[in-house]
Amino acid sequence: MSSILNGIPYVFVAAPLFAFILNNAVPRERMRSHAVALSGGVAALQLAAAILGFALLAASGRGEVRFGLFWSVDAAGAAYLRVNLVSLFLLLCVGFVALASALTAAKTIDDHRCSFANLFMALLLGMNGMLLATDLFTLYVFLEITGTASFVLIAMYKSSKGLEGAFKYLTMSALATIMMLTGLALLFMHTGSLAFADLGAAALSGASGEMDILCYGALALLISGFAIKAGAAPFHSWLPDAHQSADTAVSILLSGIVIKIAGAYGFIVLVELFGDLYAVRLSVAALGVATIAFGALLALVQTHFKRIAAYSSVSQVGYILFGIAAGSPLGLVGALLHVFSHAAFKSTLFSGAAALHEQLGTLDIEQMGGLQKNMPVTGFASVTSFLSAAGVPPFAGFWSKLLILISLWQAGWIGLSAAALGLSILTGAYFLRLQKKVFFGPRNPRWDDVKEIGGTIRASQIVLSAVNLGAGLCFPLVLLYLQSIGLI
Amino acid sequence: MSMPTVVLIAGLVMILAGCVGLIRTHHMLKIIIGLEVAMKAVTVFIILGGFLNGRMALAQAFVVTVIVVEVVTAVVLSGIAISLYRKHGSMDIRNLRSLKG
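**Quick word on the overall build of chain A**
Okay, step 1: Secondary structure assignment for chain A yields 19 helices and two strands.
Okay, step 2: The C-alpha atoms of chain A give 22 Å as radius of gyration, which agrees with the globular expectation for 488 residues (23 Å, within 12%).
Okay, step 3: Across the 488 residues in chain A, those meeting the buried criterion constitute 62%.
Okay, step 4: Within chain A, residue pairs in contact and separated by at least 24 positions form 79% of the contacts whose partners lie at least 6 positions apart.
Okay, step 5: With the model as given, the accessible surface of chain A reaches about 16500 Å², and the carbon-plus-sulfur share is 68%.
Okay, step 6: Across chain A, the mean location of the 26 positive side-chain charges is 10 Å away from that of the 21 negative side-chain charges.

Below you can see the structure in the form of structure tokens.
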């Protein structure tokens, strides 16, 4: 068993690389029809490997599995990559969203399928690398790979909107890079190393117990940088533009997982390293409350389907930040489970957007209405994602939000807990508006002959709405399992 | 003035110059240049960090990696800027107003 466990981490690096090489080695005209299917296969492999790895690692009782790619990790002070339960869970989420995106891409991506598959694999590799990294600099390098792949994915079709969204995203992201690197340089100046093992609140305060003002500056810069990457308010302005203008399969990736790996995982690392400092946790929580409120209020007034979904992502990232800020194991579990449930319901919603765009040719919700009869599967899937987002039991979103609320309460932030509860009413409000305008009410006669979408998008909608509901129904079992392996 | 102070001041001036250049213009290429200047300032900080704690080899490895990453960012950014120029016929960022709400 142990040898299987030691082999599993290599899958997360080797599979995307192998697909990348195969994509470019085989002649394009032959690869064209299989490129997206190959990406979907890699995503499915990653999903299976992450589930297996999580179960084996939890059963083995080891904290983490260390590995190196072409070097030995046994020597003292050698650099290494690692997987632990947190990163395996996030790798599972990455595989899950990537699979949903590949199912949608099979239908929506017509031109440049090979280029799409290449960039998709680069994106996957970047996200996996971030989750395997054990020092802040490696984390930054993989963050840039993730970022660069997403910019090109948005701008790939050279539509005016895509280029504009990518330019805004890239400018904000370059600012985030400058902030993060300055923060890293200051930390490096102070501690002489950027490995997670050498960093921490104790390493910063040194012998005197007093922390340098430069260290506070470094932490503030790192938090701002990750906040830009996560799309947290007040740095959220690029996110709706980028996510609206991209192809829907790309939007699924960006909204479903990229903002959480590139942004929220950075916060997980920061709180893990510097969570002893109350100021760090408090600033993450403050970002969280602003993000939830801004995202939800702005989602209420939008008229573009994908823009509403993008603002909803902003708002839901706020809940993830709340869970991280609580700083307790329960809060972290809540945040991770919210990453999963948000990935599930946001992928469902964007698959719905893909279906509507394919069948209607527009995503302006003012022109829609009464589509429930024409598109029953899309309508039903959209309802499950709405109920999960609004936190209605027994859907998956209810449980993860509940855990986050409890962890905030335990951390002594009763006001924030109440705010999180109150603001989730807004989530219900904007999704109810979306449902009413798109699927309920009188039908616009223009859409009388519209048919339900078929093929892979329908399959992915059915599977994803089953996950929304099924994960919620099985949630008590998941909690019992997590308790049995000693996580909460 | 000692060497590290000079380098620190140079880095701060560069980062400030980059940010001012970024804010004061509507021209896409000038924005890219501003970002690049500010990013170059960061490599100065990393070198300074390596010099102060005696880990110059690690700092050099970081700086070379940062330069590579930066070039990739600059290439993608200028590629997008050129495509936008072909669409709008100008480099003015005030043209980028089709996504709103």
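**Some thoughts on the overall build of chain B**
Okay, step 1: Scanning chain B from N- to C-terminus turns up three helices and zero strands.
Okay, step 2: Tracing chain B from N to C terminus, the helices and strands come up as α-α-α.
Okay, step 3: Relative to a compact globule of 101 residues, whose C-alpha radius of gyration would be 13 Å, chain B shows 17 Å and is clearly more extended.
Okay, step 4: Expressed as lengths along the three principal axes of its C-alpha atoms, the size of chain B is roughly 50 × 25 × 25 Å.
Okay, step 5: Counting over 101 residues, chain B shows a buried share of 38%.
Okay, step 6: Partitioning the intrachain contacts of chain B with sequence separation of at least 6 by distance along the chain shows that 62% fall at a separation of at least 24.
Okay, step 7: Only carbon and sulfur atoms are counted for the fraction: they give 70% of the accessible area of chain B, which is about 5500 Å².

**Let's talk about the nonpolar core**
Okay, step 1: Counting 212 residues, the largest nonpolar core has A:Phe116, A:Phe267, A:Phe274 and A:Leu356 as its most contacted members.
Okay, step 2: Apart from residues lying up to four places away in sequence, A:Leu356 is in contact with A:Phe305, A:Gly361, A:Thr362, A:Leu363, A:Met368, A:Leu371, A:Met375, A:Val438 and A:Phe439.

**So, the interface of chain A and chain B**
Okay, step 1: Listed per partner, the contact involves 38 residues of chain A and 38 residues of chain B.
Okay, step 2: Summing both partners gives a buried area of about 3300 Å² for chain A against chain B, and 79% of it is carried by carbon and sulfur.
Okay, step 3: There are five residue pairs in polar contact (both at pLDDT 80 or more) connecting chain A and chain B.
Okay, step 4: At the level of elements, α6 (136–155), α7 (160–191), α10 (238–245) and α13 (305–326) of chain A are the ones that each hand at least two residues to the side of chain A that touches chain B.

**Digging into the confidence of the model for chain B**
In low-pLDDT segments, the atomic positions of the prediction should not be examined closely.
Residues and elements named next belong to chain B.
Okay, step 1: In this model, chain B carries a mean pLDDT of 91, and residues with pLDDT of at least 70 account for 99%.
Okay, step 2: Confidence, read as mean pLDDT per element, is least for helix α1 (residues 3–23) in chain B (91) and greatest for helix α3 (residues 56–88) (93).
Okay, step 3: Here the complex is predicted with pTM 0.95, and the ipTM for its interfaces comes to 0.95.

**So, helix α18 (residues 455–473) of chain A**
Okay, step 1: Taking 1.5 Å of rise per residue, 19 residues should cover 27 Å, and α18(A) covers 27 Å from first to last C-alpha, within 8% of that figure.
Okay, step 2: Close packing links the buried residues of α18(A) with α4 (85–108), α14 (329–360), α15 (376–390), α16 (396–410) and α19 (475–484) of chain A.

**Points about the packing of α16(A) against α19(A)**
All names here are of chain A.
Okay, step 1: Contact geometry of α16 with α19 gives a least axis separation of 10 Å together with a crossing angle of 40°. Between α16 and α19, the angle is such that the two are oblique. Facing α16, whose interface residues are Ala396, Trp399, Ser400 and Leu403, α19 presents Phe475, Pro476 and Leu479.
Okay, step 2: Per-class residue counts for the contact of α16 with α19 are six nonpolar, one polar and no charged.

**Here we look at the state of the cysteines**
Okay, step 1: Within this structure, the stated rule accounts for zero disulfides over all chains.
Okay, step 2: Residue A:Cys93 stays outside any disulfide, its sulfur separated by 16 Å from that of A:Cys474, the closest cysteine.

**Some remarks on unusual backbone geometry**
Residue and element names in this part refer to chain A.
Okay, step 1: The omega angle of the peptide bond from Ala233 to Pro234 is 5°, so this bond is cis rather than trans.
Okay, step 2: Mapped onto the secondary structure, Pro234 falls in the loop between α9 (213–230) and α10.
Okay, step 3: At the junction of Pro393 and Pro394, the peptide bond is cis and its omega measures out at 5° in the coordinates.
Okay, step 4: Residue placement: Pro394 occurs in the loop between α15 and α16.
Okay, step 5: Residues other than glycine seldom take positive phi values, yet His112 does so here, at roughly 55°.
Okay, step 6: For His112, the position within the fold is in the loop between α4 and α5 (113–132).
Okay, step 7: The exposure class assigned to His112 is partly exposed, which follows from its relative accessible area of 45%.

**Concerning the packing of aromatic side chains**
Okay, step 1: Per the counting criterion, the structure on display carries 16 aromatic pairs over all chains.
Okay, step 2: On the numbers, 4.1 Å between centres and 25° between planes, the contact of A:Phe137 with B:Phe62 is stacked. One end of the pair, A:Phe137, is in helix α6; the other, B:Phe62, is in helix α3, on a second chain. Across the pair, B:Phe62 and A:Phe137 agree in class, each one buried.
Okay, step 3: Measuring from centroid to centroid gives 6.1 Å for A:Tyr278 and A:Trp413, while their planes differ by 55°, and the two rings are tilted. A residue pair is termed long-range when its members are at least 10 positions apart, and A:Tyr278 in helix α12 (residues 278–299) and A:Trp413 in the loop between α16 and α17 (414–438) qualify at 135 residues.
Okay, step 4: For A:Tyr278, a relative accessible area of 45% corresponds to the partly exposed category.
Okay, step 5: Residue A:Trp413 is classed as buried on the basis of its relative accessible area of 9%.
Okay, step 6: Above the plane of the ring of A:Tyr80 lies A:Arg66, whose end atom (NZ or CZ) is 4.0 Å from the centre.

**A short note on the environment of A:Gly41**
Okay, step 1: Note that A:Gly41 resides in helix α3 (residues 35–60).
Okay, step 2: When the C-alpha positions of A:Gly41 and A:Trp413 are compared, they lie 44 Å apart, and in sequence the two are 372 residues distant.

**Observations concerning the side chain of B:Ser83**
Okay, step 1: Position of B:Ser83 relative to the elements: it lies in helix α3.
Okay, step 2: Here B:Ser83 falls in the buried class, since its relative accessible area comes to 13%.
Okay, step 3: Apart from the residues lying within four places of it in its own chain, the contact partners of B:Ser83 are A:Lys158 and A:Leu163.

Basis of the calculations
- Residues numbered from 1 in each chain as written.
- Chains lettered and ligands numbered in written order.
- Predicted model: local features only at pLDDT ≥ 70, side-chain atom pairs only at ≥ 80, totals over all residues.
- Heavy atoms only, no water.
- Helix = DSSP H or I, 4+ residues; strand = E, 2+ residues; numbered from the N terminus.
- Rg over C-alpha atoms; globule rule 2.2 N^0.38 Å.
- Buried < 20%, exposed > 50% of the residue type's maximum accessible area, 1.4 Å probe, protein only.
- Contact = heavy atoms within 4.5 Å.
- Areas by Shrake-Rupley, 256 points an atom, 1.4 Å probe, with all protein chains shown as cover.
- Lys, Arg positive; Asp, Glu negative; His and termini not counted.
- Charge placed at Lys NZ, Arg CZ, Asp CG, Glu CD.
- Core = buried A, V, L, I, M, F, W, Y, C linked by side-chain atoms within 4.5 Å.
- Buried area = accessible area lost by both parts, 1.4 Å probe.
- Polar contact = N/O pair within 3.5 Å; in protein donor to acceptor, adjacent residues only side chain to side chain.
- pLDDT = per-residue confidence, 0-100.
- Expected span 1.5 Å × (residues − 1).
- Axes fitted to C-alpha atoms, helices over the stretch in contact; angles between N-to-C directions.
- Parallel < 35°, antiparallel > 145°, perpendicular 65-115°, else oblique.
- Nonpolar A, V, L, I, M, F, W, Y, C, P; charged D, E, K, R; others polar.
- Disulfide = S-S within 2.5 Å.
- Phe/Tyr/Trp six-rings, centres within 6.5 Å; stacked < 30°, edge-to-face > 60°.
- Lys NZ or Arg CZ within 6 Å of the ring centre and 35° of its normal.

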